[in-house]
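# Tertiary structure, described
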Amino acid sequence: MKIVKQDNQLVVPSIVTIPFIEGDGIGKEITPVCRFVADRAVQKAYGGSRSIDWKEVLAGEKAFKATGSWLPDETPAAFCEYLVGLKGPLTTPIGDGIRSLNVALRQTLDLYVCLRPVRWIEGLPSPLKEPQKVNMVVFRENTEDIYAGIEWQQGTPEAGKFLKFLTSEMGVTAIRFPKTSSFGVKPVSVEGTERLVRAAIEYALANQLPSVTLVHKGNIMKYTEGGFKRWGYELAQREFGKEIAEGRIVIQDVIADAFLQNTLLTPEKYSVVATLNLNGDYISDHLAAMVGGVGMAPGANICYESGHAIFEATHGTAPDIAGKNLANPSSLLLSAAMLLKYIGWVEAADLMVAAIDKSFANRRATHDIARFMPNGQTLGTVAFGAYLVSLIDETHAAADKPHGF
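Now for a quick tour of the structure. (Residues numbered from 1 in each chain as written. Predicted model: local features only at pLDDT ≥ 70, side-chain atom pairs only at ≥ 80, totals over all residues. Heavy atoms only, no water.)

Next up on the list: the overall build of the protein chain. Along the protein chain, the regular secondary structure elements total 13 helices and 16 strands. Relative to the globule expectation of 22 Å for 405 residues, the C-alpha radius of gyration of the protein chain, 22 Å, shows essentially globular dimensions. Counting only C-alpha atoms and orienting by the principal axes, one finds that the protein chain spans roughly 80 × 55 × 50 Å. In the protein chain, which comprises 405 residues, the share counted as buried stands at 49%. Residue pairs at least 24 apart in sequence account for 73% of intrachain contacts in the protein chain once pairs closer than 6 positions are excluded. (Helix = DSSP H or I, 4+ residues; strand = E, 2+ residues; numbered from the N terminus. Rg over C-alpha atoms; globule rule 2.2 N^0.38 Å. Buried < 20%, exposed > 50% of the residue type's maximum accessible area, 1.4 Å probe, protein only. Contact = heavy atoms within 4.5 Å.)

This part covers the environment of Arg50. Locating Arg50 in the fold gives a position in the loop between α1 (27-46) and β4 (51-56). Among the residues examined, Arg50 registers a relative accessible area of 28% and is labelled partly exposed. When neighbours within four sequence positions are excluded, Arg50 is seen to be in contact with Ser14, Val42 and Trp345.

Between side chains of opposite charge, pairing is possible as soon as their charged atoms come close. Within the structure shown, the criterion is met by 21 salt bridges. Glu312 serves as the salt-bridge partner of Lys87, at 3.0 Å between the closest nitrogen and oxygen. You can see Lys87 sitting in strand β5 (residues 84-87) and its partner Glu312 sitting in strand β14 (residues 309-313), a full 225 residues away along the chain. For the pair Lys87 and Glu312, one class covers both residues: buried. Of the charged contacts, one joins Lys229 and Asp253 as a salt bridge, the two residues approaching to 3.9 Å between their closest N and O atoms. On the criterion of sequence distance, the pair formed by Lys229 in helix α7 (residues 225-245) and Asp253 in strand β11 (residues 250-255) is long-range, its members being 24 residues apart. Take Lys229: its relative accessible area is 30%, and that puts it in the partly exposed class. Note on Asp253: relative accessible area 27%, which makes it partly exposed. (Salt bridge = Lys/Arg side-chain N within 4 Å of Asp/Glu carboxyl O.)

Bringing unusual backbone geometry into the picture now. Residue Asp7 is not a glycine yet carries a positive backbone phi of 50°. Residue Asp7 is classed as exposed on the basis of its relative accessible area, which comes to 76%. Here Asn8, not a glycine, exhibits a phi torsion of approximately 65°, which is positive. Structurally, Asn8 is set in the loop between β1 (4-6) and β2 (9-11). Judged by its relative accessible area of 60%, Asn8 falls in the exposed class.

A few words now on the pairing of strand β6 (residues 113-119). With respect to burial, β6 is a largely interior element, five of its seven residues being buried. Bridge analysis of β6 against strand β7 (residues 135-141) gives seven bridges, and the strand direction is antiparallel. Across the sheet, Cys114 pairs through a bridge with Arg140, a residue of β7. In terms of strand pairing, β6 meets strand β13 (residues 298-302) through three bridges, oriented antiparallel. When the sheet's bridge partners are listed, Cys114 is paired in β13 with Asn301. (Pairing = 2+ DSSP bridges.)

The sheet built from 10 strands is open, its strands ordered β4-β3-β5-β14-β13-β6-β7-β12-β10-β11 with mixed pairing. With one partner strand each, in any of the chains shown, β4 and β11 form the two edges of the open sheet. Between one strand axis and the next, the sheet turns through 25° on average, direction left out of account. Strands in contact with α7 are β10 (211-216), β11 and β12 (272-275); relative to β10, the strand with the most contacts, it is inclined by about 165°. Against the sheet, helix α9 (residues 277-290) contacts β6, β7, β10 and β12, and its axis sits at roughly 155° relative to β7. (Axes fitted to C-alpha atoms, helices over the stretch in contact; angles between N-to-C directions.)

Turning our eyes to something else, we now look at the nonpolar core. The biggest cluster of nonpolar side chains holds 93 residues, and the ones touching the most others in it are Leu86, Phe139, Ile201, Val212, Leu340, Met352 and Phe360. Not counting residues up to four positions away in its chain, the partners in contact with Met352 are Val37, Ala38, Ala41, Leu333, Ala336, Ala337 and Leu340. Grouped together as the second largest cluster of nonpolar side chains are 15 residues, Val254, Phe259, Ile283 and Met290 included. (Core = buried A, V, L, I, M, F, W, Y, C linked by side-chain atoms within 4.5 Å.)

Before going further, it helps to spend a moment on the packing of aromatic side chains. Tallying each qualifying case throughout the model produces nine aromatic pairs. Centre to centre, the rings of Phe20 and Trp54 are 6.1 Å apart; their planes meet at 90°, and the pair counts as edge-to-face. With Phe20 in strand β3 (residues 15-21) and Trp54 in strand β4, this residue pair connects regions lying 34 residues apart in the sequence. Residue Phe20 is classed as buried on the basis of its relative accessible area, which comes to 4%. Here Trp54 falls in the buried class, since its relative accessible area comes to 13%. (Phe/Tyr/Trp six-rings, centres within 6.5 Å; stacked < 30°, edge-to-face > 60°.)

This brings us to α7. For α7, built from 21 residues, the straight-helix expectation of 30 Å at 1.5 Å per residue is missed by more than 12%, its first-to-last C-alpha distance being only 26 Å. The axis of α7 is deflected most strongly, by about 75°, at Glu239. Restricting attention to buried positions, one finds in α7 the residues Glu225, Gly226, Gly227, Phe228, Trp231, Gly232, Leu235, Ala236, Phe240, Gly241 and Glu243. If you follow the buried residues of α7, they end up packed against α6 (190-206), β10, β11, β12 and α9. (Expected span 1.5 Å × (residues − 1). Bend = angle between axes of the 7 residues up to and from the residue.)

This is the structure we're talking about:
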């Protein structure tokens, strides 16, 4: 029941085991709804010949209470063994405390692409006049940049050693307040850049999208982000020169702050975006806000070479509404649809996406979305999931009718 990768292809059994992390806070509510809807889509799409065997693994608060560890070794091991998984939102303290569990999973499994598709769905509130022009896919580098976690806190012996190295060995004089500074290191490599840009270009070509835009801050960080731009162009010309010459793909670049402005003014100029880790974090949430918010934003973390992928809710744990049946499961639902498409179960994925689209077109949503819809009808988390299942059933029934009905 395991997915395996053979000859650069995923081989998926008809009954497939998918490990999942329930998540903290609202994860306890949205994850069961997501599984319920995904199971129905798979059942209807394949007439019961395919199914998912969900295998729960622990991380976050639930793991800590059960095992004393925020991320037990068994959890990344399960994702490694079964290749593809689903993850609800996890708690990450700000300041002192545990490192981000999300980052730990990405680094452990070398999930170097954070894939964030962004599109407007009819009926969703948007601050834009023409939100239908927003249709992009963000490839965010996932393992380097400041998220590598190489930093030292102000006042520690380690920070003092690093300061001494910078000033004595490297001749650095531009630190304004050296004795009270914390320090971080921003690694950006040729290999990390090339594999990300390669994946973005291959995705654009496979989906017949017109361009890949390299977003960077190379005008200031000339050797890290500037390197990303240069190495990206070099990779594109070296490996995709024929496709570029034939006009099948355009490779372009833009400074990050200009890109954020342009997405509001001319979003139709961009289709696939390749960028570094921190830029990608800002950009993907910025774009999500333009088309309904992070509650609507799906995401995946992928290593295309090994086949490993974790599909996740891109928002936080929302403790203020946890347990109140108010949470919007759409981010996780759309991520689950991405998972199904990734393993080749496209028909089931399409049923899920069509149901979500129809629900919003019908002005039915959870409170965070429905309150902004004209004549919007608010549904609780569980009721929203049930409504999506009813739409899946209706779509499947209509498809089964003889021609002419």
